[in-house]
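For reference, the chains in residue letters:
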Amino acid sequence: MKIVVAIILLVLVAAFAYVRLAPSDPDRWHVRPTYAAPGDYPEMNGFEAIRQITTTPAGVLEAIDRIARQTHRTVLYAGTPEAGMMTYETRSALWGFPDYTTIAVEEGEIGPVVLIYAQSRFGSSDLGVNAVRVSAWIAALGPLIVDPGQTQ
């Protein structure tokens, strides 16, 4: 019985270490989101939101950068507001599972739109955490974006 418990503990420690220490490839996660009409696009393992903006692309990217950096366990992973695209890594509290959120501004059919795409690295479901985080960031943008039902 002690051997079984020891093996289970060893497997848990190894899994925890892998999730925390596994290298991450920016070429896979720092990729421009795809343009679609303004709205929300939930996925099993992520969430995409597209909103028309009411300020300059630089203004909305700088605002999102400030908002993202104030989010617990979130760091800038790649890119900069000046480069026009950023990806943030947000880790879960207990296990440290990484989620990647990429933000870019693109000229759409209705004018400039901000594209926000959040996805989990591990697992087949994010349990809705990406939608909650992206929705909070959108709410914090306030008048800098247009609600999809109110497109100008």
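Details of the structure are given in the entry above.
Residues numbered from 1 in each chain as written. Predicted model: local features only at pLDDT ≥ 70, side-chain atom pairs only at ≥ 80, totals over all residues. Heavy atoms only, no water.

A.B. asks: Help me understand the overall build of the protein, please; the structure alone is not making it clear to me.
C.D. replies: Helix and strand counts for the protein stand at four helices and seven strands. Start at the N end of the protein and walk to the C end: the helices and strands fall as α-α-β-β-α-β-β-β-β-α-β. When its C-alpha atoms are laid out on the principal axes, the protein stretches across 65 × 30 × 25 Å. Counting across all 152 residues of the protein, residues that qualify as buried make up 41%. Sequence separation of 24 or more characterises 57% of the internal contacts of the protein that already satisfy a separation of 6 or more. Accessible surface for the protein amounts to roughly 8,400 Å². Of this, 64% is attributable to carbon and sulfur atoms. (Helix = DSSP H or I, 4+ residues; strand = E, 2+ residues; numbered from the N terminus. Buried < 20%, exposed > 50% of the residue type's maximum accessible area, 1.4 Å probe, protein only. Contact = heavy atoms within 4.5 Å. Areas by Shrake-Rupley, 256 points an atom, 1.4 Å probe, with all protein chains shown as cover.)

A.B. asks: Looking at this structure, I do not really get helix H3 (residues 57–69). What am I missing?
C.D. replies: Since there are 3.6 residues in each turn of an α-helix, residues three or four apart along the chain are aligned in direction. Given a rise of 1.5 Å per residue, 13 residues ought to cover 18 Å, and the 18 Å separating the end C-alpha atoms of H3 matches this to within 8%. Buried residues of H3: Val 60, Leu 61, Ala 63, Ile 64, Asp 65, Ile 67 and Ala 68, and no others. (Expected span 1.5 Å × (residues − 1).)

A.B. asks: Could you clarify how one ought to interpret the pattern of salt bridges in this entry?
C.D. replies: Side chains bearing opposite charge may pair, as long as their charged atoms lie close to each other. Using the criterion set out here, one finds four salt bridges in the structure. A salt bridge links Arg 69 to Asp 65; the shortest N-O distance between them is 2.9 Å. With a gap of four residues between them, Arg 69 and Asp 65 both fall in helix H3, about one helical turn apart. For Arg 69, a relative accessible area of 47% puts it in the partly exposed group. (Salt bridge = Lys/Arg side-chain N within 4 Å of Asp/Glu carboxyl O.)

A.B. asks: Help me understand a nonpolar patch on the surface in this model?
C.D. replies: Nonpolar side chains collect at one region of the surface, where Met 1, Val 4, Val 5, Ile 8, Leu 9 and Leu 12 lie side by side and expose about 610 Å² of accessible area between them. Tracing the backbone through its elements, the reader meets Leu 12 in helix H1 (residues 2–21). (Patch = residues over 30% accessible without salt bridge, like charges linked within 9 Å, V, L, I, M, F, W, Y side chains within 5 Å.)

All quantities given are derived from atomic positions and should not be read as evidence of function.
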